Amino acid sequence: LKPFWLKPLWLKVRIEGSGGPSSVCRHIAKSVSILSFAMAATLVVPSDITIMEEKKSIGKRRLGLLEQTGLLFTAPMLHIHYSKMDRGDMRAVLSKKYDGEDTSAACNICTVRQESVRKSVVATNFMWGTAGGMTGLVWWSFRRYNYQSRLVALPFVFYGGTFVGRALGDVITLRNAEFARDRFLASLPAKTYFTAN
């Protein structure tokens, strides 16, 4: 199997056949320039909001217990487009400390984003806790039945429990009462692909 950037070169050399070493060198040079362009297009850099957070940060903030467990229960993420925040990005947002006396709009955006991310992370505990609790109750209710009946019921109850737990966590953390602007700020990605403009 040939890499994607060598495939056009390989096909062109085969089609041309007897182009000689010089034509092969020209095609290799052309492919290397294409490769360097492709690598520049996939360079991952901090987003604008991350740069602003670093600029306004005055130190490190210690994470609470529910924040640490919420990050622990957050599933890992495979980035393709870098359109969401993963566990490490959330930890970076939560571990920044801002000046409480700074009344600038930029600092307000950073603190509102941090609070919204905190609510989302803390609500994750209630999502998994509710799902696990409902599954445990169903397991106990089916204690006199055979294991086949348990295996039929438990996956559906656990999956449904994640939805109930998500709604319960949003109510407990008051995430359901936050503005759409706050939710949007929390959803902004911390990293993005580098673009020339």
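See above for the structure.
Residues numbered from 1 in each chain as written. Predicted model: local features only at pLDDT ≥ 70, side-chain atom pairs only at ≥ 80, totals over all residues. Heavy atoms only, no water.

## Observations concerning the nonpolar core
- Core analysis: the largest hydrophobic core is formed by 10 residues, namely Leu63, Leu71, Met85, Met90, Val93, Leu94, Val117, Val121, Ala186 and Ala190.
- Elements with a contribution of two residues or more to this core: helix 5 (87-94) and helix 6 (105-141).
- In contact with Val117, other than residues within four places in its own chain, are Met85, Met90, Val93, Leu94 and Ala186. (Core = buried A, V, L, I, M, F, W, Y, C linked by side-chain atoms within 4.5 Å. Buried < 20%, exposed > 50% of the residue type's maximum accessible area, 1.4 Å probe, protein only. Helix = DSSP H or I, 4+ residues; strand = E, 2+ residues; numbered from the N terminus. Contact = heavy atoms within 4.5 Å.)

## Some details on unusual backbone geometry
- The backbone of Tyr82 sits at a positive phi, close to 55°, despite the residue not being glycine.
- With respect to the helices and strands, the residue Tyr82 is situated in the loop between helix 4 (65-72) and helix 5.
- Here Tyr82 falls in the buried class, since its relative accessible area comes to 18%.
- With a phi angle near 60°, Leu174 is a residue other than glycine that sits in the positive phi range.
- For Leu174, the position within the fold is in the loop between helix 7 (147-172) and helix 8 (180-187).

## Looking at the packing of aromatic side chains
- In total, this model carries 4 aromatic pairs according to the counting rule given.
- Aromatic side chains Tyr82 and Tyr193 sit 5.3 Å apart centroid to centroid with 85° between the ring planes, which places their arrangement in the edge-to-face category. Taken together, the residues span a long stretch of sequence, with Tyr82 in the loop between helix 4 and helix 5 and Tyr193 in strand 4 (residues 191-193) at a distance of 111 residues.
- What makes Tyr193 partly exposed here is its relative accessible area of 28%. (Phe/Tyr/Trp six-rings, centres within 6.5 Å; stacked < 30°, edge-to-face > 60°.)

## Let's talk about the side chain of Arg175
- Its location among the elements puts Arg175 in the loop between helix 7 and helix 8.
- Judged by relative accessible area, which is 16%, Arg175 ranks as buried.
- When neighbours within four sequence positions are excluded, Arg175 is seen to be in contact with Lys119, Ser120, Asp170 and Arg183.

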